[in-house]
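Residues per chain are reported as follows:
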Amino acid sequence: MVNESSDQGGQQPRGIGSFAWLIEAYGQAIALLENQAAQIETLEREKDHLANQYREALQQYHQLKEQYDHQYSQQYQEYFSLPLPCYRWQAIEGELYLSDFNPAAARFNSQALQQPSLNLGQRPQKIFAALPTLYHHLENCLKREVSNSQRLQFIRLNLYLRVEYVFIAPDQILMCILDESEQLLTEQQLRQQVRQQSAIAKLGSISLNTSDLAKLFRQAVIFVARTLDVPYSCLYLKQKKTSICTLEAGYGWPVDLIGAVTVSTTPDSHVGYTLTQQQAISIEDLRVESRFRGETLLHNYQVVSGISMPIGPVDNPWGVLAVYSTEERHFSGDETYFLQAIAHVLSSSIERDRQAADMNLLHRSINVIRQGVVITDAREENNPIIYVNQGFEKITGYSADEILGRNCNFLQGRDRRQPPLTELRAAILKGQECNVTLRNYRKNGEPFWNALHIFPVRDPAGYLTHFIGIQTDISHEKAAAANLQKTEAQFHQTFQLAPIGMAITTLGGHYERVNQAWCRITGYDQETLLEKTYLELTHPDDQAEDERLNEILKQGDRQEFQREKRYIAQDGQKIHILEQVALVRDAEGKPLHVIRQMVDIGDRKQIEQRLVQEAFYDHLTGLPNRSLLEERLEQVIKQQQRYPQHHNALLFLDLDYFKAINDRLGHLVGDQLLQDFAKRICHCLRDVDTLARLGGDEFVVLLTEITEPQTAFEVSQRIHKALQTPFELAGQSLFVKVSIGVLPKLDRYLTATGILRDADLAMYHAKAKGRARSEVFELP
């Protein structure tokens, strides 16, 4: 090559050319080395830069790893401390195994699933053997690789769960369980309570709007059965004067059994045991019940469980309300309270029905008394009249239609400045009892003196609702009763209706606290009462019952009771009161003390006695009247039928020429003569005999348990002899004779009417034969 180049390059010398070539080659080598050195230097710089980047990246990696480890630790701790049961599952070859769980999961398995231990590596089929649905959804989550949420119900175990299945790629699942059982059960309980309250409200509305007890009973058993979801319900009512109850209404039973089935009220029957215990009785399993025998009706219809509740007053229930199930069932406290509330509604309705009957009787009784009775509505602004009896109509001359809706002040006409009216108005404004005498005017304008006694009527809450006024026409007695009127005025000035007395006593009966009303009613000051027990003030005849009821309170069998009783006041007087006693418990339910409330009902007792006096005794002489005499005659007839060896007799007395005396000397003298005549005849009789005034100048003597029939005639002669002494009246000596009809034997009579008829006939025979004699009745 060199040679060729030399030849081509011309004529240059061979040595110089080679040196130049070497120089050129050396320069090229130097340039190449310099270039390579520059490249090496660049690579060194790049290496150093990459090393720095690597160190920085490594440092960042360690920092990120440290942060990740810290966050993971925190998240794991949070997951581990969650209150929700959490399980982590690891899939290995398509099968799930427990890889982690928190303490809440261990508690859930122990309490809800009754599994004492939970171990890593366990299969879900074993852990959730009692709840297979849980692991079925777990397997579906793994297969589909999709997270999901499920709401699951396990009614048998009372479990209501919301389960979250979180798929963590590629092969893990996080399962979290939210136990909603308590919330859902509470909601169910609230819904059940709403249903129960609705049923109670509906039945209460029906009871207020109907007087048909049979309809109310039918609705009650339907409401009870449907609300408590039972196949059978019963309402048994006691039959008067028997020891049986009748199935008055029922649900689920054949129609022909209602009214036909009867059960015993003895304690060995379910119904009788409920009545005896006076409380709710629960039957867990009738097939093994040992407290009583199940009625045949219950066994025939495969009744297993049930609950029964007495209806009516605790001391004398009227019947039993019961529900039954054909499966084993435990009735909750709410269900028991519901049944008790329905029983109370029924009890109130029965009580109202009986009160209505009593009110009807009371209305008829009030109408037969001579006094006027008026009731006004204190809730209305004008206090209008809403009721008057026939006595009021007779006294005033107004009919009820003319009076109803008006205020009583129209009876004063224009005479409305009478001082007693101020007292009356003040008492009405204060809702107090008041007793005044007013000058009123009849419909025809005639004035009359009206002794008016008003009583406030309050509802159970203590609010004034009505006034009851008792008015007596005292026009004829006004002049003669000036001193009595003065005494009554002083009495009414000092007398006020006492508020309800209240006291707190220990369980042993010692007074802890009393109010002024209690002190005022009993007459003791507060300091003295605080040193005593309520039993020390109780009438001896009432102490045993008080001790019994107080012991029941202390034992917790009853929470309250109400009764009429008597206290002995400081002055030794008996006080009739209505007492309400309630047991108070502390926050832990332990008996703390007893609250006692009392109302003085002495006035009511006096009114009751006065009504009896008006109904059965003659107002002029105080002797028994015709009604009481006929009642005693009926008793004598029954007694003589039972004891035929007893002898009884009757005398019929009629004063001779009484009308002439009455016309000549006046009615006042005539009335006084009748009173003195009655007293003198009483001295001729024994204490066991009865002297009655039939009316006018007719009297009857009933002789009981005499030794022989002749005794009746002997008593009549004794009466004639007693009348030989004159009566000193109006400054005159009056000789009075009497004609007497004698019935020496009463054994053949069946009615009081027949006795009085024949005795009256014998008396007229005596008058026909000249008066002032006795004639014995003889059969024609």
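Criteria and cut-off values
- Along each chain, numbering runs from 1 in the same order as the chain's sequence is written.
- Totals for whole chains, interfaces and linings use every residue, but because this is a predicted model, local features are given only for residues with pLDDT of at least 70 and side-chain atom pairs only at 80 or more, for both listing and counting.
- Each side-chain value is worked out from all heavy atoms of the structure, with water and hydrogens disregarded.
- Take a side-chain nitrogen of Lys or Arg and a carboxyl oxygen of Asp or Glu: if they are within 4 Å of each other, that pair is a salt bridge.
- Burial classes follow relative accessibility: with a 1.4 Å probe on protein chains only, a residue under 20% of its type's maximum area counts as buried, one over 50% as exposed, and anything between as partly exposed.
- Pairing between strands requires that DSSP locate at least two bridges from one strand to the other.
- Only runs of H or I of at least four residues qualify as helices and only runs of E of at least two qualify as strands under DSSP, and these elements are numbered from the N terminus.
- For helices, the fitted line uses only the C-alpha atoms of the stretch in contact; every axis is such a line through C-alpha atoms, and the angle between N-to-C directions lies from 0 to 180 degrees.
- Should any heavy atoms of two residues lie within 4.5 Å, those residues are counted as being in contact.
- Relative orientations are named as follows: roughly parallel for angles under 35 degrees, roughly antiparallel for angles over 145 degrees, roughly perpendicular for angles from 65 to 115 degrees, and oblique for any other angle.
- Under the convention adopted here, Pro, Cys and the residues Ala, Val, Leu, Ile, Met, Phe, Trp and Tyr are nonpolar, Asp, Glu, Lys and Arg are charged, and Gly plus all remaining residues are polar.
- Per residue, pLDDT measures the predictor's confidence, with a range of 0 to 100.
- Note on aromatic pairs: the rings of Phe, Tyr and Trp (six-membered ring only in Trp) are paired at centre separations within 6.5 Å, and the planes decide the class, stacked below 30 degrees, edge-to-face beyond 60, tilted for the rest.
- Working note: the arc is built from the helix axis to C-beta atom directions.
- As used here, the term nonpolar core means buried Ala, Val, Leu, Ile, Met, Phe, Trp, Tyr and Cys residues forming a set that is joined through side-chain atoms within 4.5 Å.
- For this count, His and the chain ends are skipped, Lys and Arg are scored as positive, and Asp and Glu as negative.
- N or O atoms closer than or at 3.5 Å make up a polar contact, with two conditions inside protein: a donor-capable atom paired with an acceptor-capable one, and, for residues adjacent in sequence, both atoms drawn from side chains.

A.B. asks: Can you explain the pattern of salt bridges? Please cite residues and give values.
C.D. replies: Going through the model one piece at a time under the given rule, you end up with 31 salt bridges. Here Arg686 and Asp689 are joined by a salt bridge, their closest N and O atoms 2.7 Å apart. Residue classification places Asp689 among the buried positions, given a relative accessible area of 11%. Close ionic contact of Lys769 with Glu775 constitutes a salt bridge, the shortest N to O distance being 3.3 Å. A relative accessible area of 12% places Glu775 in the buried class. One network of salt bridges, in which partners are shared, links Asp546, Arg563, Lys565 and Glu579.

A.B. asks: Please give an account of the sheet that holds strand S28 (residues 774-776) that cites residues and values.
C.D. replies: If you walk across this open sheet you meet the five strands as S23-S24-S22-S27-S28, and the pairing is mixed. One side of each edge strand has no neighbouring strand; the edge strands of this open sheet are strand S23 (690-695) and S28. For this sheet the average axis-to-axis angle between neighbouring strands, irrespective of direction, equals 20 degrees. Bridge analysis of strand S22 (residues 647-655) against strand S24 (residues 698-706) gives seven bridges, and the strand direction is antiparallel. Looking at the pairing, His647 lines up with Ile706 of S24. Set on the sheet, helix H23 (residues 710-722) makes contact with S22, S24, strand S27 (738-743) and S28; between it and S27 the angle comes to about 170 degrees.

A.B. asks: Pulling in residues and values, what's your account of the packing of helix H20 (residues 626-642) against helix H24 (residues 752-768)?
C.D. replies: The contact between H20 and H24 brings their axes to 9 Å, and the two run at 110 degrees. Viewed along their axes, H20 and H24 adopt a mutual orientation that is roughly perpendicular. For the pair H20 and H24, contact is made by Arg626, Leu629, Glu630, Leu633, Glu634 and Ile637 and by Ala752, Ile755 and Leu756, respectively. In the contact of H20 with H24, the residues fall into six nonpolar, no polar and three charged.

A.B. asks: Give a description of the confidence of the model for the protein that names residues and reports values.
C.D. replies: Should the pLDDT be low somewhere, the predicted coordinates at that spot are not to be read in detail. On average, residues of the protein carry a pLDDT of 83, and 90% of them reach 70 or more. The low-confidence segment residues 1-13 (pLDDT under 50) makes one contact with residues lying over four places distant or belonging to another chain.

A.B. asks: So what about the packing of aromatic side chains? Which residues, and what values?
C.D. replies: Here the structure, examined in full by the defined rule, presents 12 aromatic pairs. Consider the rings of Trp253 and Tyr324, whose centres lie 6.4 Å apart with planes at 75 degrees: the pair is edge-to-face. Of the two residues, Trp253 sits in the loop between strand S7 (244-251) and strand S8 (262-264) while Tyr324 sits in strand S11 (residues 319-325), which places them 71 residues apart along the sequence. A relative accessible area of 8% places Trp253 in the buried class. The buried category is assigned to Tyr324, whose relative accessible area is 0%. Taken together, a centroid distance of 5.1 Å and an interplanar angle of 55 degrees make the contact between Phe677 and Phe699 tilted. Here Phe677 is found in helix H22 (residues 667-682), whereas its partner Phe699 is found in strand S24, with 22 residues between them in sequence. Taking the relative accessible area as the measure of exposure, Phe677 reaches 0% and is therefore buried.

A.B. asks: Go over the environment of Asp334 with me, naming the residues and quoting the values.
C.D. replies: With respect to the element layout, Asp334 can be found in helix H10 (residues 333-368). Along the backbone, Asp334 and Gln196 are 138 residues apart, and their C-alpha atoms lie at a distance of 8.9 Å.

A.B. asks: Can you lay out unusual backbone geometry for me, pointing to particular residues and giving the numbers?
C.D. replies: Note that the residue after Ala169, namely Pro170, is joined by a cis bond; omega there is 5 degrees. Within the secondary structure layout, Pro170 lies in the loop between strand S4 (159-168) and strand S5 (172-179). In this structure, Tyr657 is a non-glycine residue whose phi angle is positive, near 60 degrees. Relative to the helices and strands, Tyr657 is located in the loop between S22 and helix H21 (658-665).

A.B. asks: So what about helix H3 (residues 103-111)? Which residues, and what values?
C.D. replies: Inspection of H3 places Ala104, Ala105, Phe108 and Asn109 among the buried residues, and these make up the whole buried set. Viewed along the axis of H3, the buried residues span an arc of 135 degrees, placing them on a single side of the element. The secondary structure elements touched by the buried residues of H3 are strand S1 (86-92), strand S2 (95-101), helix H4 (124-127), S4 and S5.

A.B. asks: Help me get a handle on the environment of Leu134, residues and values and all.
C.D. replies: Take Leu134: it is sitting in helix H5 (residues 132-144). For the pair Leu134 and Leu152, spaced 18 residues apart in sequence, the C-alpha to C-alpha distance is 8.3 Å. Apart from residues lying up to four places away in sequence, Leu134 is in contact with Phe128, Leu152, Phe154, Val163 and Tyr165.

A.B. asks: Talk me through the nonpolar core; I want residue IDs and the actual numbers.
C.D. replies: Core analysis: the biggest nonpolar cluster contains 33 residues, and Leu651, Leu653, Phe677, Phe699 and Ile719 have the highest contact counts within it. Within the residue set of this core, elements represented by two or more residues are S22, H21, H22, S24, H23, strand S25 (727-729) and S27. The element contributing the most residues to this core is H22, with six residues. Leave out the neighbours within four places in its chain, and Ile719 touches Leu651, Leu653, Ile681, Cys684, Val738 and Ile740. Counting 29 residues, the second-largest nonpolar core is a separate cluster that includes Leu213, Val221, Leu321 and Leu339.

A.B. asks: With reference to specific residues and values, describe the side chain of Arg596.
C.D. replies: Position of Arg596 relative to the elements: it lies in strand S21 (residues 591-600). Among buried charged residues, Arg596 stands out as having no salt bridge; its nearest opposite-charge side chain is Glu579, 4.3 Å away. Here Asn550 takes part through its side chain, which lies 3.1 Å from a polar atom of the side chain of Arg596. Once residues lying within four places of it in the same chain are set aside, the contact partners of Arg596 are Gly501, Met502, Ala503, Thr505, Trp518, Tyr534, Asn550, Glu579, Gln580 and Val581.

A.B. asks: Requested: an account of the pairing of strand S14 (residues 434-441), with residues and values cited.
C.D. replies: Summarising burial for S14: six of the eight residues are buried, a large majority. In textbook terms, the turn of a hairpin is the stretch between consecutive antiparallel strands, and for S14 and strand S15 (residues 447-458) this stretch comprises five residues, one of which, Gly445, has a positive phi near 90 degrees.

A.B. asks: Hey, could you go over the sheet that holds S14 for me, with residue numbers and the actual values?
C.D. replies: Pairing is antiparallel in the open sheet, where five strands are placed in the order S13-S12-S16-S15-S14. Whereas interior strands pair on both sides, the edge strands pair on one side only; in this sheet they are strand S13 (385-388) and S14. Going from strand to strand, the sheet's axes swing by 25 degrees on average, the running direction of each strand aside. Both strand S12 (residues 372-377) and S13 contribute to a ladder of three bridges, which runs antiparallel. By the bridge assignment, Thr376 is partnered in S13 with Ile385. Against the sheet, helix H13 (residues 419-430) makes contact with S14, S15 and strand S16 (464-473), and its axis sits at roughly 130 degrees relative to S14, the strand it touches most.

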